[in-house]
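What follows is the residue order along each chain.
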Amino acid sequence: MKKKNKTFRNTFIIFIIAVVIAGVIILNKGTIFGHSLVATSDEEGTYVVSKYDLQLSTDKEYLSVKGKDEAKLTVLIDGEETTEGVTYESSNEKVATVKDGVVKAVGTGTATITAKYKDAVDTVEVNGIVPITSMKFTATSSSVKVGNDLQLKLQVTPSDASIDTLIYSSSDDEVAAVNKNGIVTGRQKGTVTITVHDTYTDEEKSVNLTIR
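Note that this is a predicted model, so its numbers are computed, not measured.

A look at the side chain of S162
No. 1: Its location among the elements puts S162 in the loop between β17 (154-157) and β18 (166-170).
No. 2: Setting aside its immediate chain neighbours within four residues, S162 contacts I129, V130 and I132.

Here you go:
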């Protein structure tokens, strides 16, 4: 009986240790003791476990296809910034090219930039855009009923400008909410200011609405 109890206790202890290790790996996003345990795929499609933790980031998500706009990539290997031994690749060179950690837009659309260091891999997305030079609200009603929707009308210049850089916000979400397409929903009576912000140019335009 004592032997069975000892076996059960040992098994239980091993189980607890395994759970703790699994929890540490999950909380550290697949890394433990500074090494990545995330499976990546090599050129032959075989999944391997990387010994390195690679993190790729960019200082710009949107790049103008006009002019000399470019984004700088930053690569961290086990928390340390490096450029040695890192290779880069663009998923669509008709949208963006990458060389020596610098990305340039050559066409509109989205491209995935991949950085590789030995068997470690990470990616970021960049977007080639036609920047907005000016914007204004036009023919927009000044009020909306509670429970109803209102589509805000925004005129941008040039006409082919990319609008993916626009973010709408409400000064009071309890009075009225606005979604990413500029549709305002009245929630309760009051007044509210709806603002559209161009994250590329940092320009803003606002309109005041009455919810009745």
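Having seen the model, we can carry on.
Regarding the pairing of strand β11 (residues 102-105)
No. 1: By the alternation rule, side chains of β11 split into V103 and A105, which are all buried, and V102 and K104, of which none is buried.
No. 2: Sheet topology places strand β7 (residues 70-77) next to β11; three bridges connect them, and they run antiparallel. Residue pairing across strands places K72 opposite V102, the latter belonging to β11.
No. 3: Bridge analysis of strand β10 (residues 96-99) against β11 gives four bridges, and the strand direction is antiparallel.

Examining the sheet that holds strand β9 (residues 86-90)
No. 1: Strands sit in the order β6-β13-β12-β9 across an open sheet of four strands; the sheet is mixed. Where the open sheet ends on each side, the last strands, each with one partner, are β6 (62-64) and β9. Here the strands of the sheet are splayed against their neighbours by 30° on average, with no regard to which way each runs.
No. 2: Note that β6 and strand β13 (residues 120-129) share three bridges and pair parallel. Note that in β13 the partner of L63 across the bridge is G128.

Quick look at the environment of T191
No. 1: Here T191 is to be found in strand β21 (residues 190-198).
No. 2: Each C-alpha atom, one on T191 and one on N208, is 7.2 Å from the other, the two residues being 17 residues apart in sequence.
No. 3: Leave out the neighbours within four places in its chain, and T191 touches V175, L209 and T210.

Observations concerning unusual backbone geometry
No. 1: Following T157, the chain continues to P158 via a peptide bond in cis, the omega torsion being 0°.
No. 2: By the element assignment, P158 lies in the loop between β17 and β18.
No. 3: Phi is positive for D100, which is not a glycine, with a value near 55°.
No. 4: Summarising the element assignment, D100 is placed in the loop between β10 and β11.

Some words on the sheet that holds strand β16 (residues 149-151)
Backbone-to-backbone hydrogen bonds pair the strands of a sheet. The strands run either parallel or antiparallel.
No. 1: The three strands are arranged β16-β20-β19 in an open sheet whose pairing can be described as antiparallel. Each edge of the open sheet carries a strand with a single partner, namely β16 and β19 (176-178). Pairwise comparison of adjacent strand axes, ignoring direction, gives a mean angle of 20° for this sheet.
No. 2: With three bridges connecting them, β16 and strand β20 (residues 183-186) associate as antiparallel partners. Paired with L150 across the two strands is V184, which belongs to β20.

Let's talk about the pattern of salt bridges
No. 1: Going through the model one piece at a time under the given rule, you end up with two salt bridges.
No. 2: For the salt bridge of K60 with D69, the shortest nitrogen-to-oxygen distance reads 2.8 Å.
No. 3: Look at K60 and you get partly exposed, because its relative accessible area is 32%.
No. 4: Its salt-bridge partner being K72, residue E81 comes within 3.9 Å of it at the nearest N-O pair.
No. 5: E81 sits in the exposed class, given a relative accessible area of 54%.

Some remarks on the side chain of S90
No. 1: Structurally, S90 is set in strand β9.
No. 2: By relative accessible area, S90 is classed as buried at 9%.
No. 3: A distance of 3.2 Å separates a polar atom in the side chain of S90 from the backbone nitrogen of N92.
No. 4: Here the side chain of S90 touches A96 through a polar contact of 2.7 Å, landing on its backbone oxygen.
No. 5: Discounting residues that sit within four places of it in the chain, S90 has contacts with A96, V98, A111, T112 and I113.

Side note on the environment of S134
No. 1: Here S134 is to be found in strand β14 (residues 134-137).
No. 2: A relative accessible area of 35% places S134 in the partly exposed class.
No. 3: Taking C-alpha positions, S134 is 7.7 Å from P158, a pair spaced 24 residues apart along the chain.
No. 4: Excluding residues within four positions of it along the chain, S134 makes contact with Q155, V156 and T157.

The rules we used
Residues numbered from 1 in each chain as written. Predicted model: local features only at pLDDT ≥ 70, side-chain atom pairs only at ≥ 80, totals over all residues. Heavy atoms only, no water. Helix = DSSP H or I, 4+ residues; strand = E, 2+ residues; numbered from the N terminus. Contact = heavy atoms within 4.5 Å. Buried < 20%, exposed > 50% of the residue type's maximum accessible area, 1.4 Å probe, protein only. Pairing = 2+ DSSP bridges. Axes fitted to C-alpha atoms, helices over the stretch in contact; angles between N-to-C directions. Salt bridge = Lys/Arg side-chain N within 4 Å of Asp/Glu carboxyl O. Polar contact = N/O pair within 3.5 Å; in protein donor to acceptor, adjacent residues only side chain to side chain.

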